[in-house]
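What follows is each chain in one-letter form.
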Amino acid sequence: MATFVYRLAAVRLGMVTDGPSGDELPIHGEHLANLQGLAADGRLIMAGRSTTEDERVFGLAFLEVEDEAAARALMEADPAVRHGLMRAELFPFRIAARR
């Protein structure tokens, strides 16, 4: 198994500062449900976002999967990415310490 992290950034900052709009809300809900599903089946180590509410805000999703192709497929299938609410970048990741 290999570890990857994908970094998420909202395309529209107001989605973070003011909350999702009516059109964004169901997609954001699908995004969160997708992350919960990945956690339940053991492919997501953890996910979350910074608590900044300015242009520096970002989210991270840490994956443990077979290879980069699997990680990229999961990132691209994220509803927020697929529907253009968030941009995502994938990185291989080495965990140095774990609780």
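Coordinates for the structure precede this section.
In short, a report on the structure. (Residues numbered from 1 in each chain as written. Predicted model: local features only at pLDDT ≥ 70, side-chain atom pairs only at ≥ 80, totals over all residues. Heavy atoms only, no water.)

**What to know about the nonpolar core**
And step 1. Within the largest apolar cluster, 23 residues are counted, with the highest numbers of intra-cluster contacts made by Tyr6, Leu63 and Val65.
And step 2. When residues no more than four places from it in sequence are discounted, the contact partners of Val65 are Met1, Ala2, Phe4, Arg43, Ala70, Ala71 and Leu74. (Core = buried A, V, L, I, M, F, W, Y, C linked by side-chain atoms within 4.5 Å. Buried < 20%, exposed > 50% of the residue type's maximum accessible area, 1.4 Å probe, protein only. Contact = heavy atoms within 4.5 Å.)

**A closer look at a nonpolar patch on the surface**
And step 1. On the surface, Ile45, Met46, Phe93 and Ile95 cluster together into a nonpolar patch covering about 330 Å² of accessible area.
And step 2. Within the secondary structure, Ile45 is located in strand E2 (residues 44-49). (Patch = residues over 30% accessible without salt bridge, like charges linked within 9 Å, V, L, I, M, F, W, Y side chains within 5 Å. Areas by Shrake-Rupley, 256 points an atom, 1.4 Å probe, with all protein chains shown as cover. Salt bridge = Lys/Arg side-chain N within 4 Å of Asp/Glu carboxyl O. Helix = DSSP H or I, 4+ residues; strand = E, 2+ residues; numbered from the N terminus.)

**Here we look at the environment of Tyr6**
And step 1. Mapping Tyr6 onto the fold places it in strand E1 (residues 2-10).
And step 2. Taking the relative accessible area as the measure of exposure, Tyr6 reaches 0% and is therefore buried.
And step 3. Sequence separation between Tyr6 and Leu90 is 84 residues, and the spatial gap between their C-alpha atoms is 4.3 Å.
And step 4. Beyond its immediate chain neighbours, meaning those up to four positions away, Tyr6 contacts Leu35, Gly59, Leu60, Ala61, Leu63, Met75, Asp78, Ala88, Glu89 and Leu90.
And step 5. Side-chain polar atoms of Tyr6 contact the side chain of Asp78, separated by 2.8 Å. (Polar contact = N/O pair within 3.5 Å; in protein donor to acceptor, adjacent residues only side chain to side chain.)

**Examining the side chain of Thr3**
And step 1. Within the fold, Thr3 resides in strand E1.
And step 2. Judged by relative accessible area, which is 15%, Thr3 ranks as buried.
And step 3. In this view, Thr3 contacts Ile45, Leu63, Glu64, Pro92, Phe93 and Ile95; residues no more than four positions away in its chain are not counted.

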